[in-house]
Structure formats: C-alpha cells, structure tokens
Amino acid sequence: LFGQYPYAFSLIQSMGLILFNKLSVAKLMVFMSSVFSLPLFYTLLKRYVSSSLAWLATATLYSIPLVYIHQYLQVKDEFVLVFIGLLGLLAAHFYLDARVKKQQLKWLFLAGLFAGFSFSIKITGAFWLATLAFMVFTRLFKTYGSLFITGALFFVFSFFHLAFLD
C-alpha cells in the first residue's frame, strides 16, 4: 500500500468487510467508538467541572447533528480519532496523578501509544500529540520551559508538510 495519508484504522475497519462481507460491521466499529468515547469525555470533564455540567456537556456533544452524521450515515473515522485521543488524554492525566515512578512510566507509555495511534488514524491526530506533549512538558519543566518547548515542537511540526512535497 502506498499513500501520503495515514490509514491505520481504515485497514482495521476493512477487516469487517473482508471477514463478514457487510458494511454494517464497519459502521458498528465507528458507532461503538463514539459510544465508548462518551464515558471518557465525561470522566475527563468531571475532573474540572461539576458532575451535572459534565453530564450536560456530554449530552450536548452527543446530540450535535454532525456527530449523528459521522456515526450513522457515513463511515468516517473522526469518532475513532476522538476515542483514541481521549484514551491518550486520560492516560496522560493518570501519568500526572501517579506518584510511583513505575506507574508514571506505564501511563506515559500508554499515553504516547494512544497519541501515536491517533496520528496514524488521521494527520489531525498531531493535535493530540501536541496536547500530550504540552501536558508532559508542563509537568516536567513547569510553566515557562513547557511553553518554550511546546513552541519549538510546533515550529518543528510546521515543517512536516515539506516531507510530502516532491
């Protein structure tokens, strides 16, 4: 396979068509990722706002028409990207909360794994990588060092498009 865009989940999704010869299995993968992303979204929101506001925001997210279109009508991988990205952010939060070094390394590894997989789903997964990097650098270098390093990473990421030019 050759392509300039990532297609990791598309390969996983095509297994539904190959094994069962039904498009509904591929749609089910996307639908289940959207359903599984709701508790993750609520869990992350509950850390910062009240429980009732977190429920309201989760219900609002799920009732947006664009979410409906990407869940039921079209087989898109946007909600898979959201699901994997939220798993990465939750793992990053567990990394920041962990006190034992071995636990920190485990959560940091999982956060990096999920962020890398989100980048392999769509190129916009680089924003999950940047968010994860900002969270980790904030923890390691406090405020000003993390801003400098994150700015340097954005500068480096801005030249990634040059790799795709012939």
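Residues numbered from 1 in each chain as written. Predicted model: local features only at pLDDT ≥ 70, side-chain atom pairs only at ≥ 80, totals over all residues. Heavy atoms only, no water.

Student: Can you break down the nonpolar core residue by residue, with the values?
Tutor: Residues Val80, Leu86, Leu89, Ile121 and Leu132 are the most contacted members of the largest nonpolar core, which totals 22 residues. Contributions of two or more residues to this core are made by helix H2 (23-46), helix H5 (78-97), helix H6 (101-121) and helix H7 (126-157). Among the elements that take part in this core, H5 stands out by supplying 11 residues, more than any other. Beyond its immediate stretch of four places on either side in the chain, Leu132 contacts Ala92, Ala111, Gly112 and Ala115. (Core = buried A, V, L, I, M, F, W, Y, C linked by side-chain atoms within 4.5 Å. Buried < 20%, exposed > 50% of the residue type's maximum accessible area, 1.4 Å probe, protein only. Helix = DSSP H or I, 4+ residues; strand = E, 2+ residues; numbered from the N terminus. Contact = heavy atoms within 4.5 Å.)

Student: I'd like a description of the pattern of salt bridges, backed by residues and values.
Tutor: Enumeration according to the criterion identifies 2 salt bridges in this entry. Across the pair Asp97 and Arg47 runs a salt bridge whose closest N-O atoms are separated by 2.6 Å. Within this pair, whereas Asp97 is found in helix H5, its partner Arg47 is found in the loop between H2 and helix H3 (51-62), the two being separated by 50 residues in sequence. Two residues, Lys122 and Glu78, come together in a salt bridge whose shortest N-O distance is 2.7 Å. Remark: Glu78 occurs in helix H5 and Lys122 occurs in the loop between H6 and H7; sequence separation between them is 44 residues. Exposure remark for Glu78: the relative accessible area of 24% places this residue in the partly exposed category. (Salt bridge = Lys/Arg side-chain N within 4 Å of Asp/Glu carboxyl O.)

Student: So, the side chain of Ser118: which residues are in play, and what are the values?
Tutor: With respect to the helices and strands, the residue Ser118 is situated in helix H6. Classification of Ser118 as buried rests on a relative accessible area of 0%.

Student: Please give an account of the packing of H2 against H3 that cites residues and values.
Tutor: Two numbers describe how H2 lies on H3: the axes approach to 9 Å, and their chain directions differ by 155 degrees. In terms of axis orientation, H2 runs roughly antiparallel to H3. Relative to H3, the crossing made by H2 is right-handed. Contact residues: Phe31, Ser34, Val35, Leu38, Phe41, Tyr42, Leu45 and Lys46 in H2; Ser51, Ala54, Trp55, Ala57, Thr58, Leu61 and Tyr62 in H3. Taken together, the residues of the contact of H2 with H3 sort by class into 11 nonpolar, 3 polar and 1 charged. (Axes fitted to C-alpha atoms, helices over the stretch in contact; angles between N-to-C directions. Parallel < 35°, antiparallel > 145°, perpendicular 65-115°, else oblique. Left-handed = near helix turned anticlockwise from the far one by under 90°. Nonpolar A, V, L, I, M, F, W, Y, C, P; charged D, E, K, R; others polar.)

Student: Outline helix H1 (residues 8-20), supporting the account with residue identities and numerical values.
Tutor: In an α-helix, one turn spans 3.6 residues; hence positions three or four apart end up facing the same way. With 13 residues, H1 should reach 18 Å at 1.5 Å per residue; the first-to-last C-alpha distance of 19 Å fits that figure. Of all the residues in H1, the buried ones are Phe9, Gln13 and Gly16. Down the axis, H1 shows its buried residues gathered within 30 degrees of arc, on one side only. Facing away from the buried surface of H1 by more than 90 degrees, the exposed residues are Ile18 and Leu19. On the buried face of H1, the contacting elements are H2, H5 and H6. Asn21 sits one or two residues past H1 and shows a positive phi near 55 degrees. (Expected span 1.5 Å × (residues − 1). Arc of directions from axis to C-beta.)

Student: Explain unusual backbone geometry to me, and be specific about the residues and the numbers.
Tutor: One non-glycine residue, Asn21, lies in the positive phi region at around 55 degrees. Looking at the secondary structure, you find Asn21 in the loop between H1 and H2.

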